[in-house]
Amino acid sequence: MDPTAASATPSIDTEALGLDEGALLLVRRALAQVPVGGNLLARGRAPNWELHLTAWCRQQGHAIQTSALSDGVCEAIVTRGPWAEGRWRDALTAGQSQLPAPSAKPEWGLAARGATVEAGSPAFNFTLSNRDELWATTADEIYAQGVAAQWDPQTAIDWDTPFEIDPEIEAAVVQVMTFLVENENAALIVPARHLGQLHPHYREVQQVLALQCADEARHVEVFTRRLGMRGRQPMLSTAGGQASLRTLLQAPDFSSATFLLSVLGEGTFVNLLSFLHEYGPDPVTRQICRLAARDEARHVAFGMAHLKYRLSVEPDYLARLQNAIEQRHEALAPTSGLNEEVFDALILIAAGSLTPAAIARGYAAVQRLKLDMAAGRKSRLLHLGFPADQAQRLADLHTRNFM
Amino acid sequence: MNQPDLIMGAVAYAPKVVTIWEGFKTWFQKRGLQFDYVLYSNYEAQVEAQFNGSIHLAWNSPLAWVRADRIARSLGQSVQAVAMRDTDRDLRSVIVTRADSPVQSIADLQDRTLGVGAIDSPQATLIPLHHLRSAEVVDGRDFQVRRFDALGGKHGDHIGGERDAALALLRGEIDAACMIDGNLLAFGLDGTLPAGSTRVISQTRPYDHCNFTTSPDAPAYAISQFVDLLLSMRWDDPKVRPLLELEGLKQWLPGRTSGYAALERAVDEDNFYGPDGSIRNAEYRY
Ligand SMILES: [Fe+2]
Ligand SMILES: [Fe+2]
């Protein structure tokens, strides 16, 4: 044999490392450097090296010729087969890793954005797979803020701080907490449903929604814990309240649902939770409402960012948003709105006692809350591009149930 | 589908067999071959069906090939091996002991116990025992055989028997075990046989495994169409690649019968089948 030709053949010596001990990795990598049809000179002295390598080459479709050298060393000429490349013929590229595509293909499936996807991979039918219908340009920032703002209910809340509370006021707190829990359940389920339909190509939105679910799960926890702190059972849940929340689950698309839930409902809840932070009769109520309000503000920010994006690419969508509010209003017209028990509980919490003078203060505070809520809704609608008169009218059509 | 041009038999040794042949059926039909298949629970029924007009072709184990060939010859007919997998060629079986065993060579098997696979496994029973007899180390006389019988009638297609023997070897219940080289590698890679725990004391000469066996009077045109299509299947076609991966090949090759001599002799020594293909082994259940 011509010695220069021999030295030109790429080679790998796996020494005493068995192919069943990791040496296959070395062989695979060495073979990857050889063109299809080219030869690799492999050498090894581990037990069963020749048997293992021959069986592996047969399975992989590489030709092999082996020979025994002295001292238990074996040598093999492995001729690289064409099969490893064949797997990647007609492979798809799942978009670009830094840039969400206008639409995500079912065949990209669960692959990382920008990954090379083998042809024949199963198609996943994610219904939310067009960027215009789901995107928000600031989704990555909102996610990062959300991650940084996560809090642990066990350590963030002073559950053990002693406080005195009038039993009437405690009952009012328990009624409000009962109401909050059912609202949080809706706020968890709506993004959770979208999450299961969203093409994972849009990972920033996926991450925001996942975090939103985690936030709501925490809210359910803290409101439930406050509710039972003094050994009481949950109180009343009305048909009207639940009917109102159910319309959020029935919204026709992601944008409408996000609009009704986040822009209008969670936006209104930021006011409610701030009110409870201000008037809460005990440190636990004040703390949990402050932290929950902070999370809700982020959910509102995502909702706004998404709708601004959608309206920027599809200005006519504003009419759909108007319809969404009006249809929800129509659907809820026969129901009674906010239950009286919650309304009275809020007055009582703001009043602090049952004297007429205190109740007058509490009543006035709740009236101010409702005005603040409506003003907040109007300003967000203006921000999205509704004309002033329409913004006012639509802000007032929002459910009396707050969420 | 109207009257099929070609009906093939296959043995349902695992649920994936349905996936494989449903997939190939669709693929063949799209290319103009009206192909259908029939599943058998064992190779004996499949081979017999090759002689009663039920099937034109059978996806046969090497042992089923031997039997079909014997039956055909005894009837003055002939069967052909028309195609096989690239992975059916030049296989070897090995005899393995524990690394710390005093057994250094096959002569040391004297009065010891060798674990084999199913009674009808070419790779884990018939060929290795023939290999030992050729070296004057005779089962029953020089050493005991312990059989790890997975599924009778499947001709060792089920990997379970070889794995059970390997595990029994590690537990010290047997002194040596037989397995095919591919399983030696697979058991090493999946941890069944930890690296360094075993030692190969002997290996057989290369032999061949499965083939597509024609039945006597099979329709020649449909058979040649089938073989042409089979050989045209490409690994880089994403429609067939998953099926080829399930079936364990990269490429179909023309059939050859040069790799069955050791099994033929093993079958005679064992009196497993008679010269006319009749089943002679009284312990064989399927
Ligand atoms: Fe919440
Ligand atoms: Fe929320």
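Keep in mind that what you see is a predicted model, and the values were worked out from it rather than measured.

Conventions we followed
Residues numbered from 1 in each chain as written. Chains lettered and ligands numbered in written order. Predicted model: local features only at pLDDT ≥ 70, side-chain atom pairs only at ≥ 80, totals over all residues. Heavy atoms only, no water. Disulfide = S-S within 2.5 Å. Buried < 20%, exposed > 50% of the residue type's maximum accessible area, 1.4 Å probe, protein only. Patch = residues over 30% accessible without salt bridge, like charges linked within 9 Å, V, L, I, M, F, W, Y side chains within 5 Å. Areas by Shrake-Rupley, 256 points an atom, 1.4 Å probe, with all protein chains shown as cover. Salt bridge = Lys/Arg side-chain N within 4 Å of Asp/Glu carboxyl O. Helix = DSSP H or I, 4+ residues; strand = E, 2+ residues; numbered from the N terminus. Domains from an automatic or database assignment. Phe/Tyr/Trp six-rings, centres within 6.5 Å; stacked < 30°, edge-to-face > 60°. Lys NZ or Arg CZ within 6 Å of the ring centre and 35° of its normal. Pairing = 2+ DSSP bridges. Axes fitted to C-alpha atoms, helices over the stretch in contact; angles between N-to-C directions. Contact = heavy atoms within 4.5 Å. Buried area = accessible area lost by both parts, 1.4 Å probe. Nonpolar A, V, L, I, M, F, W, Y, C, P; charged D, E, K, R; others polar.

A.B. asks: Looking at this structure, how should I read the state of the cysteines?
C.D. replies: Cysteine pairs can be covalently joined through their sulfur atoms, and such a bond is termed a disulfide. Residue and element names in this part refer to chain A. In this structure the tally under the stated criterion is 0 disulfides over all chains. Free cysteine Cys74: the closest other cysteine sulfur is in Cys57, separated by 13 Å. Note on Cys74: relative accessible area 15%, which makes it buried.

A.B. asks: Mind showing me how you'd approach a nonpolar patch on the surface here?
C.D. replies: Together, Leu17, Leu25 and Leu26 of chain A make up a nonpolar patch on the protein surface, roughly 230 Å² of accessible area in all. The residue Leu17 of chain A is located in the loop between β1 (11-13) and α2 (23-32) in this model.

A.B. asks: Teacher, can you tell me more about the domain arrangement of chain A here?
C.D. replies: Interfaces are often sized by the accessible area lost when the parts come together. Looking at the assigned domains, one finds that chain A contains domain 1 (11-85), domain 2 (90-125) and domain 3 (131-396). One C-alpha centre belongs to domain 1 of chain A, the other to domain 3 of chain A, and the line joining them spans 63 Å.

A.B. asks: Sorry if this is basic, but what is going on with the packing of aromatic side chains here?
C.D. replies: The geometry of two aromatic rings is summed up by the distance between their centres and the angle between their planes. Enumeration according to the criterion identifies 23 aromatic pairs over all chains in this entry. With a centroid separation of 6.4 Å and an interplanar angle of 45°, the aromatic rings of Phe24 of chain B and Phe28 of chain B are classed as tilted. Here Phe24 of chain B pairs with Phe28 of chain B, and both are found in helix α1 (residues 16-30), just 4 residues apart, close to one helical turn. With relative accessibility at 0%, the residue Phe24 of chain B sits in the buried group. Given a relative accessible area of 0%, Phe28 of chain B falls into the buried group. Taken together, Trp21, Phe24, Trp27, Phe28, Phe35, Trp59, Phe212, Phe226 and Trp252 of chain B form an aromatic cluster joined through their ring pairs. When the ring centre of Phe163 of chain A is taken as origin, the NZ or CZ atom of Arg230 of chain A, which lies over that ring, is 4.2 Å away. The cationic tip of Arg310 of chain A hangs over the ring face of Tyr317 of chain A; the distance from NZ or CZ to the ring centre is 4.0 Å.

A.B. asks: Looking at this structure, I do not really get the pairing of strand β3 (residues 57-60) of chain B. What am I missing?
C.D. replies: The side chains of a regular strand alternate between both faces of the sheet. Residues and elements named next belong to chain B. Here β3 shows no split at all, with Leu57 and Trp59 on one side and Ala58 and Asn60 on the other all buried. Where strand β1 (residues 6-11) and β3 come together, 2 bridges link them in parallel fashion. Within the sheet, the bridge partner assigned to Gly9 lies in β3 and is Ala58. Of the strand pairs in this sheet, β3 and strand β10 (residues 211-214) are connected by 4 bridges, and their pairing is antiparallel. Within β10, the position partnered with Leu57 by the bridge is Thr214.

A.B. asks: Can you walk me through the sheet that holds β10 of chain B in this structure?
C.D. replies: Within a sheet, neighbouring strands are paired by backbone hydrogen bonds and run either parallel or antiparallel to one another. All names here are of chain B. The mixed open sheet is built from 6 strands, whose spatial order is β2-β1-β3-β10-β4-β11. Unpaired on one side and paired on the other, β2 (35-40) and β11 (252-254) mark the two borders of the sheet. When strand polarity is set aside, the average angle formed by the axes of neighbouring strands in this sheet is 25°. Across the sheet, α1 touches β1, β2, β3, β10 and β11, and the angle it forms with β2 is around 165°. Relative to β3, helix α3 (residues 62-74) is tilted by about 140°, and along the sheet it contacts β3, β4 (81-85) and β10.

A.B. asks: Which parts of the structure should I look at to understand the interface of chain B and chain A?
C.D. replies: Contacts between the two partners involve 24 residues from chain B and, on the opposite side, 22 residues from chain A. Buried area between chain B and chain A, summed over both chains or domains, comes out near 2,100 Å², and the portion from carbon and sulfur atoms is 56%. Across the chain B-chain A interface, the total number found is 5 salt bridges. Of all the elements in the fold, those that place two or more residues in the side of chain B that touches chain A are α6 (181-189), β9 (198-203) and α8 (241-247) of chain B. Its residues assigned to classes, the side of chain B that touches chain A comprises 9 nonpolar, 5 polar and 10 charged.

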